[in-house]
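# Architecture and fold: a report
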Amino acid sequence: MKICRPVTDRLVVNPAFFLLATLLLLLGGGSARSSGAASSEANPSPRKVENFNRDWKFTKGDPAGAEAVDFDDAAWQPVRLPHDWAIAGPFDPNQDGHAAKLPWKGVGWYRKSFTPDAADAGRRVYLDFDGVMAFPKVYINGQLAGEWDYGYTSFRIDATPYVKFGEPNEVAVRVDTTKHGTRWYPGAGIYRKVTLTTCDSVHLAHWGTYITTPTVSDAAATVLMRMTLDNHRDADTEVTVDVKISDPDGKQVATGTTSGVVPAGGSRDLATSLQVPDPQRWDVDSPKLYSAVTRVRAGGKTVDEESTHFGIRTIEFTAADGFHLNGRRVQLQGVCLHHDQGPLGSAFYPRAMERQLEIMKDMGVNAIRTSHNPPGPELLDLCDRMGLVVWDECFDKWNETADRIGGQPPLEQYGEKHLKSLVMRDRNHPSVVIWSIGNEINVQPEDKEGLSPERVKFMSDFVRKYDPTRPVGSANHNPPIAASHSLDALDLAGWNYAHRYDLYHEMYPDKPIIYSESASAFSTRGFYELPLPAGKNDFSSQLQVDSYDFNSARWSDIADAEFDLMERDKFVSGEFVWTGFDYLGEPTPFDRQACSSYFGIVDLCGIPKDRFYLYRGHWRPDEPTVHILPHWNWPDRVGKSVPVFVYTNGDSAELFLNGKSLGRREKVTDYQPASDVAKDKTATASSEEKHEGRTERAANACDGNDDTRWCAASGAKNEWWQVDLGSVQPIADIVVKLEKVPSLYLYRVNVSDDGKTWRTVAAVDQWSEGWAPQVIHGVNTSGRYVRIEFTDLRNGAWASLRGVAVYPQSYYAVVDKYRLRWMDVPYEPGELKAVAYKGDKKVGEAVMRTAGPPAAIRLTPDRTKLSSSGEDLCYLLVEAIDAEGNECPLADNLVQFKVEGPAEIAGVGNGNPMSLEPDQADHRQLFFGKAMLIVRTMEGEGGAVKIKATSDGLSSAEATVNSRP
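Residues numbered from 1 in each chain as written. Predicted model: local features only at pLDDT ≥ 70, side-chain atom pairs only at ≥ 80, totals over all residues. Heavy atoms only, no water.

Scanning the protein for helices and strands turns up eight helices and 58 strands. The C-alpha radius of gyration of the protein comes to 30 Å, within 12% of the 30 Å expected for a compact globule of 965 residues. For the protein, the spread of C-alpha atoms along the principal axes amounts to about 95 × 75 × 65 Å. Scored against the burial criterion, the 965 residues of the protein give a buried share of 60%. Put simply, 71% of the contacts in the protein that link residues at least 6 apart link residues at least 24 apart. The positive charge centre, built from 106 side chains, and the negative charge centre, built from 133, are 1 Å apart in the protein. (Helix = DSSP H or I, 4+ residues; strand = E, 2+ residues; numbered from the N terminus. Rg over C-alpha atoms; globule rule 2.2 N^0.38 Å. Buried < 20%, exposed > 50% of the residue type's maximum accessible area, 1.4 Å probe, protein only. Contact = heavy atoms within 4.5 Å. Lys, Arg positive; Asp, Glu negative; His and termini not counted. Charge placed at Lys NZ, Arg CZ, Asp CG, Glu CD.)

Think of it this way: side chains of opposite charge can pair up when their charged atoms draw near. What the rule picks out here adds up to 75 salt bridges. When the shortest N-O distance is used, the salt bridge between Glu 696 and Arg 694 registers 2.9 Å. Its relative accessible area of 4% is what places Glu 696 among the buried residues. Accessibility expressed as a relative area gives 41% for Arg 694, which makes it partly exposed. Its salt-bridge partner being Glu 831, residue Arg 849 comes within 3.2 Å of it at the nearest N-O pair. (Salt bridge = Lys/Arg side-chain N within 4 Å of Asp/Glu carboxyl O.)

Let us now look at the pairing of strand E16 (residues 237–246). The side chains of a regular strand alternate, first on one face of the sheet and then on the other. Extensive coverage of E16 is indicated by the burial of eight of its 10 residues. As judged from the 10 bridges shared by E16 and strand E17 (residues 252–262), these two strands associate in the antiparallel manner. Looking at E17, one finds that Val 239 is bridged to Gly 260. Counting the residues between successive antiparallel strands, the hairpin from E16 to E17 contains five residues, one of them, Gly 250, with a positive phi of roughly 90°. (Pairing = 2+ DSSP bridges.)

In terms of nonpolar packing, the biggest core is built from 178 residues, with Tyr 110, Phe 129 and Leu 357 touching the most fellow members. In contact with Phe 129, other than residues within four places in its own chain, are Val 138, Ser 154, Phe 155, Ile 157, Val 173, Ile 190, Lys 193 and Val 194. In this structure, Ala 678, Trp 710, Val 723 and Val 806 belong to the second largest nonpolar core, which totals 35 residues. (Core = buried A, V, L, I, M, F, W, Y, C linked by side-chain atoms within 4.5 Å.)

What follows covers empty space enclosed by the protein. Under the defined criterion, the tally for this structure stands at nine cavities of 30 Å³ or more. Around the largest cavity sit 15 residues that line it, and His 338, His 339, Met 353, Pro 375 and Gly 376 are the ones nearest its centre. Grouping the constituent residues of the lining of the largest cavity by class yields seven nonpolar, seven polar and one charged. Quantified by volume, the second largest cavity comes out at close to 70 Å³. Leu 604, Asn 912, Ser 915, Asp 919 and Arg 924 are, among the 14 residues lining the second largest cavity, the residues nearest its centre. (1 Å grid on protein atoms, 1.4 Å probe; cavity = no way out; pocket = protein on both sides within 12 Å on 5 of 7 lines; lining within 4 Å. Points joined across faces, edges and corners; volume = space filled by probe spheres on them. Nonpolar A, V, L, I, M, F, W, Y, C, P; charged D, E, K, R; others polar.)

The topology assignment puts Asn 633 in the loop between strand E34 (626–629) and strand E35 (641–648). Overall, Asn 633 belongs to the buried group, its relative accessible area being 13%. Non-local contacts of Asn 633, meaning those with residues more than four positions away in its chain, are made with Tyr 827, Arg 849, Thr 850, Ala 851, Pro 889 and Leu 890. At a separation of 2.9 Å, a polar atom in the side chain of Asn 633 contacts the main-chain amide nitrogen of Ala 851. (Polar contact = N/O pair within 3.5 Å; in protein donor to acceptor, adjacent residues only side chain to side chain.)

Taken together, three strands build an open sheet; the order of strands is E14-E15-E18 and the sheet is antiparallel. Edge strands, defined here as strands with exactly one partner in the open sheet, are strand E14 (202–216) and strand E18 (267–277). Averaged over all adjacent pairs, the angle separating strand axes in this sheet is 20°, with direction ignored. Relative to E18, strand E15 (residues 220–231) runs antiparallel, the two being bridged by 11 bridges. (Axes fitted to C-alpha atoms, helices over the stretch in contact; angles between N-to-C directions.)

Following the criterion strictly, the structure yields 46 aromatic pairs and no others. Ring centres 5.5 Å apart and planes at 75° place the aromatic pair Phe 590 and Tyr 598 in the edge-to-face group. Of the two residues, Phe 590 and Tyr 598, neither departs from the other in class, the shared state being buried. A network of ring pairs unites the aromatic residues Tyr 497, Phe 522, Phe 539, Trp 555, Trp 578, Tyr 583, Phe 590, Tyr 598 and Phe 599 as a single cluster. The ring centre of Tyr 126 lies 4.2 Å from the NZ or CZ of Arg 156, which sits over that ring. The ring of Tyr 210 has Arg 427 sitting right over it, with the charged end atom 4.0 Å from the ring centre. (Phe/Tyr/Trp six-rings, centres within 6.5 Å; stacked < 30°, edge-to-face > 60°. Lys NZ or Arg CZ within 6 Å of the ring centre and 35° of its normal.)

Structural data, given as structure tokens:
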């Protein structure tokens with residue numbers, strides 16, 4: 001039954017469903033009331049939930065008999081969970097970089113002993129795994145207790161039949177990543193937490209408490225509590241469930257009771273509807289959380305108790321006006337986040353995630369997309385508390401990357417299993433506003449695992465089966481699927497990059513749209529190279545990407561172009577930038593050489609790139625932001641020009657060099673995108689293919705439709721296509737959209753005033769590894785004719801074009817709407833200062849100084865008060881400074897670390913995508929003057945932690961932090 005559905009142009013939720021559910025439960029024999037006294041029993045909760053992360057042993061490999069109780073694991077490595085066996089390396093420089101060049105493929109074993117209390121005999125015992133990469137088999141006392149087949153979803157193992165109370169028990173977990181498919185670094189091992197739950201034989205089911213708010217007004221909110229009870233006894237059992245709701249201040253505001261009989265060996269749903277007066281709304285600006293304590297009584301005593309946080313809020317996705325939260329439009333300023341934590345690998349530490357979110361919120365982020373898989377559950381807790389809405393995603397495609405090998409298990413069976421795990425686990429979180437059934441799923445007819453109307457419908461219906469209160473979507477990248485009706489069953493559609501949502505918006509004007517991936521811009525923190533890139537795909541030969549923020553992937557755009565698009569297309573709910581942080585693997589555009597991505601707005605260690613301040617200046621217009629780039633150490637450019645950019649929330653700024661004004665610049669307010677002057681103009685070609693009764697005409701390449709093409713009549717070299725613009729006119733950019741991946745073609749871009757004399761203005765003359773077929777050539781010339789001449793082809797490709805566009809205005813013209821540029825600043829050492837204004841009111845200022853030689857190391861901890869939980873982290877920024885305390889932006893010194901006290905080194909990094917230095921080490925080389933040390937506390941051991949950083953020839957640095965219970 002589909003409850004989320006479009007009504008006119010709005011996606012709303014039908015509250016009648018929840019009232020109907022309550023009535024059905026009542027008719028089934030239960031009773032419910034929304035007020036009255038809760039149980040006065042003083043018995044403590046009989047449920048015990050224990051951290052199960054400590055005292056494991058691990059080995060890489062697949063020793064025979066490792067599941068046996070008496071197996072000798074004395075030589076195995078002691079580890080504490082979470083644990084990623086691959087992050088320790090070593091890196092393999094000969095591997096492709098898609099999975100970070102790390103040894104994640106293989107088999108590993110984990111073992112642990114535990115002794116359940118003898119007094120718990122007869123009770124239930126469960127092991128809850130938040131995530132294991134991949135295909136775990138869990139053995140208890142030598143017997144296979146359960147297994148799981150997707151590395152990203154959480155699962156429960158019923159240990160009850162296998163445990164022995166009052167004596168030692170052995171848990172062994174076999175992990176096998178050899179069959180896992182991935183496009184990035186997945187990690188390896190038990191990389192999220194494990195808990196041990198002991199409870200009565202009658203208890204609340206796993207993820208069995210479901211809280212919804214079907215009606216919300218300023219006066220009152222209806223809170224519908226639905227509880228699933230499990231009964232493992234041999235007899236039917238009558239239970240009473242008491243509920244107490246407390247407001248964000250801890251004040252009790254509603255109580256309810258319901259009762260019924262739970263059948264022997266079965267389960268039963270009960271529900272109660274409560275009224276909360278004067279509800280405090282959960283919102284991105286004020287994330288108010290309520291708590292519900294659910295107590296289960298049977299036979300005159302309390303048998304189970306659980307506390308659940310939830311929020312009261314309304315959400316609405318509209319087709320005409322984007323996303324509404326609590327009745328007001330909220331622009332989604334989101335980022336996509338992969339699950340790894342840089343130097344920590346995929347091991348999930350709540351503090352690492354909290355720090356990521358703190359940095360993102362400071363930039364202005366209000367939304368997170370869990371790309372492309374279920375996250376650690378603590379992410380949702382953090383987003384609830386911090387006021388971030390979440391696009392909660394289950395799969396990247398439905399094939400090997402979803403751990404379905406050779407199409408097995410069948411998608412219908414597999415999809416429900418894992419969507420159920422995701423939705424039931426996360427459905428009480430007010431931060432979750434969208435369920436996603438997948439990312440960039442193919443639609444080709446020959447792809448049996450691709451999109452079809454039937455698959456999308458049953459996958460969407462699985463989500464609605466477990467939560468009909470939120471819309472179901474997916475992230476799409478292939479515009480023609482809009483015409484295939486494959487997306488009909490979705491409530492809304494996400495679209496990735498390049499305005500690809502246009503056809504869908506035209507065909508489905510009543511369906512909401514989200515820009516589920518935007519930008520895919522590139523940069524390397526601290527790396528600046530002159531001259532500036534001529535086009536967005538003009539990359540450095542140094543295998544780094546210029547931090548002037550002029551580069552992006554072939555399929556995407558720089559940040560400024562996306563800002564402008566979102567301001568124009570208000571019907572779109574907002575964007576999720578790819579990505580908030582750099583991540584391990586997918587190192588486009590240097591896929592073979594590098595080991596981590598260049599996509600992030602923040603580097604792999606959490607150090608902001610320049611782009612961070614570009615976003616902050618736009619996304620937080622009322623918060624002061626003034627940032628200067630590049631650094632001001634250019635000894636080889638004295639007297640030569642160095643472009644200087646200022647990122648600010650102000651609308652203007654004045655730049656000073658050594659006290660002298662270089663003028664005041666203002667942001668452009670009248671920017672308009674340029675039109676394609678080649679569209680529908682006369683086109684000719686060396687030949688045209690005749691195929692299945694149609695001709696692949698030259699005109700197809702400038703008709704503005706990427707679904708048509710021009711193709712030459714053969715696979716010969718030197719075929720050409722050209723367009724007549726009608727007159728000689730300025731040409732700033734020429735966009736070439738190849739039919740297939742660019743690695744198949746070499747070509748020249750020629751321009752002529754008369755069609756006779758040609759000059760080459762751009763060329764692709766080296767074979768590339770790129771896979772996005774669109775290339776922008778910044779040419780800054782003039783002419784009447786534009787010709788694309790194919791000089792070489794490979795792997796059976798023929799000369800063929802989906803489209804060619806010609807623009808009289810530079811692709812980069814849009815940047816003057818969002819940043820301030822001084823393009824010809826003559827370099828001289830000293831001080832650059834920018835003073836920013838809104839109107840005539842000063843916003844703030846920033847200063848950049850030329851640094852002298854490195855003289856010392858500086859250590860800056862992100863926190864000085866830590867918890868001795870064994871899982872808390874301190875991030876220490878490591879910098880080289882000169883004798884005056886100025887940052888040294890070119891320093892690359894090797895720094896050694898020493899930690900004394902109740903903590904240890906958890907990881908080191910420097911944000912360099914090309915670095916193959918170990919991430920688990922006591923040293924790191926500075927990268928453009930900076931590095932990061934991550935320290936982890938030891939469980940139960942409080943006291944001062946002293947950290948020292950030393951480097952040859954530099955003064956050392958020390959920092960002290962305190963760990964306490």
